[in-house]
Amino acid sequence: MGRKIGMAAAAAMFACAALWAQPGGKVAFSYLTKPHPHVEITNNYTSPVTALFYVTLEPKPAGRGGGREVGRLDTGVNWPHDRPIAPGGSLSLPVGHFVGVDPATLHPQLAAVVFADGTGLGSPEWVGMIRSGWQGLYDEIGKVEAVLSNGVREKTGKDALVMSLRAMESSLSRQGEPRPVEIAWSMVIERAIINLNRAPVDGVVGDTQKTVPVLLTNFNEWRGVLEALLQSTRQPAGANTP
């Protein structure tokens with residue numbers, strides 16, 4: 001998806017969001033500028049929120065504008081940092097700043113929400129992006145695990161293992177703005193490289209025989225979280241209505 005979205009297209013994309021992102025709907029969504037620009041999301045549904053996207057379009061005074069900022073909560077991609085929003089719970093998330101733009105003129109919109117029971121609300125394109133992102137990340141972690149496991153089995157040195165991971169990273173598409181899924185894939189590879197260079201608590205820098213098993217345990221847990229999310233989405237595809 002390109003960086004620039006026309007205001008008319010954006011209005012069409014988020015038309016359905018205005019219907020359900022309100023008090024009394026499955027999700028309440030509001031934008032506040034004090035004490036800093038942020039959005040507040042309240043889960044009014046019976047199932048936890050596991051992921052969401054919200055989009056802020058840059059205003060167009062004096063011919064400027066056309067940029068956008070995408071914010072997200074994603075308990076799969078951002079595991080273990082992001083946590084689900086429980087039924088009845090609320091969460092505040094920041095809204096970035098466009099240089100020279102008064103925050104009061106911004107109008108963040110909720111693009112998509114996915115719940116733990118598989119329900120998806122909002123733009124089908126954005127709901128699909130969340131779900132395909134989980135699948136792509138699940139597959140990518142498996143590929144990184146295979147490289148690491150082979151490295152242990154063949155007693156590959158740390159530097160050679162890092163080179164193999166860098167080669168994987170360079171093969172990712174980087175034409176235009178990276179898609180969220182590509183950013184997530186790169187994050188998996190970077191997490192592996194950082195741990196190899198620093199070593200987890202029980203590992204030793206330079207000793208893949210000690211470092212990699214700890215890293216694989218972490219990746220297996222992450223993959224288990226993604227597998228559970230993917231199982232929940234095996235419901236009727238597409239975005240649902242209230």
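Residues numbered from 1 in each chain as written. Predicted model: local features only at pLDDT ≥ 70, side-chain atom pairs only at ≥ 80, totals over all residues. Heavy atoms only, no water.

1. Considering the pattern of salt bridges
Point 1. Applying the stated criterion to the full structure yields four salt bridges.
Point 2. Note that Glu 169 is salt-bridged to Arg 166, the shortest N-O span being 2.9 Å. Taken as a pair, Glu 169 and Arg 166 lie in helix H4 (residues 158-170) at a separation of three residues, close to a single helical turn.
Point 3. Classification of Glu 169 by relative accessible area gives buried; the value is 14%. (Salt bridge = Lys/Arg side-chain N within 4 Å of Asp/Glu carboxyl O. Helix = DSSP H or I, 4+ residues; strand = E, 2+ residues; numbered from the N terminus. Buried < 20%, exposed > 50% of the residue type's maximum accessible area, 1.4 Å probe, protein only.)

2. Observations regarding the packing of aromatic side chains
Point 1. Per the counting criterion, the structure on display carries five aromatic pairs.
Point 2. Geometrically, the ring pair formed by Phe 53 and Trp 126 is edge-to-face, given 5.1 Å between the ring centres and 70° between the ring planes. Separated by 73 residues along the polypeptide, Phe 53 in strand S3 (residues 49-57) and Trp 126 in helix H3 (residues 124-153) bring together distant segments of the chain. The residues Phe 53 and Trp 126 share a single accessibility class, namely buried.
Point 3. Between the aromatic rings of Phe 219 and Trp 222, the centroid separation amounts to 6.1 Å while the plane-to-plane angle is 35°, which identifies the pairing as tilted. Pair noted here: Phe 219 and Trp 222 are both in helix H6 (residues 208-232), with a separation of three residues, about one helical turn.
Point 4. The ring of Trp 222 has Arg 191 sitting right over it, with the charged end atom 4.1 Å from the ring centre. (Phe/Tyr/Trp six-rings, centres within 6.5 Å; stacked < 30°, edge-to-face > 60°. Lys NZ or Arg CZ within 6 Å of the ring centre and 35° of its normal.)

3. Overview of the pairing of strand S1 (residues 27-32)
Point 1. Bridge analysis of S1 against strand S2 (residues 38-43) gives six bridges, and the strand direction is antiparallel. Residue pairing across strands places Ser 30 opposite Glu 40, the latter belonging to S2. (Pairing = 2+ DSSP bridges.)

4. Remarks on the confidence of the model for the protein chain
Point 1. Summary statistics for the protein chain give a mean pLDDT of 83 and a share of 79% for residues scoring 70 or more.
Point 2. The weakest mean pLDDT in the protein chain belongs to helix H1 (residues 7-13) at 47; the strongest belongs to strand S5 (residues 90-94) at 97.
Point 3. Low confidence marks residues 1-12, where pLDDT is under 50. Its contacts with residues over four positions away, or in another chain, come to 19 contacts.
Point 4. Confidence over residues 236-242 falls short of pLDDT 50; this stretch has 16 contacts with residues more than four positions distant or in other chains. (pLDDT = per-residue confidence, 0-100. Contact = heavy atoms within 4.5 Å.)

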